[in-house]
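# Structural characterization, general
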Amino acid sequence: MIVINNETTPCGCCGKPPAVVYCDGCQRALCVSCRTFDLWGYGCGHVDSKAFCPSCLRDPAVNPYSGFPDD
């Protein structure tokens, strides 16, 4: 997860600044309202945090842990 450290980058979903993080799927800049965090656990006690835009969150090819059924 890559954090954005400025107040001018607009969100790639809604267009409002400031974006605060890039989507781990499509790399669009995301604001606080448009991002969704997910935790991916693996191994013995390891967890990675991921940030997704709404479309990547629901896409099982990008986020296999989404829990959303195929449409």
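This text gives an overview of the structure that appears in the document. Remember, predicted model here, so these are calculated numbers, not experimental data.

### Points about the overall build of the protein
- For the protein, the count of helices and strands is one helix and four strands.
- Secondary structure elements of the protein occur, N-terminal to C-terminal, as β-β-β-β-α.
- Considered along the principal axes of its C-alpha atoms, the protein spans approximately 40 × 30 × 15 Å.
- Residues counted as buried form 27% of the 71 residues belonging to the protein.
- Within the protein, counting contacts between residues at least 6 apart in sequence, those at least 24 apart form 23% of the total.
- When the accessible surface of the protein is split by element, carbon and sulfur atoms take 54% of a total near 4,600 Å².
- Across the protein, the 5 positively charged side chains and the 7 negatively charged ones have centroids separated by 7 Å.

### Let's talk about the nonpolar core
- If you look at the biggest cluster of nonpolar residues, it comprises nine residues: V21, C23, L30, W40, A51, F52, C53, C56 and L57.
- Among the secondary structure elements, those contributing two or more residues to this core are β4 (46–52) and α1 (54–58).
- In contact with C56, not counting residues within four places along its chain, are C23, G25, C26, V62 and N63.

### Observations regarding the packing of aromatic side chains
- One pass over the full model with this rule turns up two aromatic pairs.
- Residues W40 and Y65 carry aromatic rings whose centres are separated by 5.2 Å and whose planes lie at 70 degrees to one another, so their mutual orientation is edge-to-face. Remark: Y65 occurs in the segment after α1 and W40 occurs in strand β3 (residues 36–42); sequence separation between them is 25 residues.
- Classification of W40 by relative accessible area gives buried; the value is 18%.
- Put simply, the rings of W40, F52 and Y65 pair up and form one aromatic cluster.
- The ring of W40 carries the charged tip of K50 above its face, separated from the ring centre by 4.8 Å.

Cut-offs applied
- Residues numbered from 1 in each chain as written.
- Predicted model: local features only at pLDDT ≥ 70, side-chain atom pairs only at ≥ 80, totals over all residues.
- Heavy atoms only, no water.
- Helix = DSSP H or I, 4+ residues; strand = E, 2+ residues; numbered from the N terminus.
- Buried < 20%, exposed > 50% of the residue type's maximum accessible area, 1.4 Å probe, protein only.
- Contact = heavy atoms within 4.5 Å.
- Areas by Shrake-Rupley, 256 points an atom, 1.4 Å probe, with all protein chains shown as cover.
- Lys, Arg positive; Asp, Glu negative; His and termini not counted.
- Charge placed at Lys NZ, Arg CZ, Asp CG, Glu CD.
- Core = buried A, V, L, I, M, F, W, Y, C linked by side-chain atoms within 4.5 Å.
- Phe/Tyr/Trp six-rings, centres within 6.5 Å; stacked < 30°, edge-to-face > 60°.
- Lys NZ or Arg CZ within 6 Å of the ring centre and 35° of its normal.

Just geometry here; none of it tells us what the structure is for.
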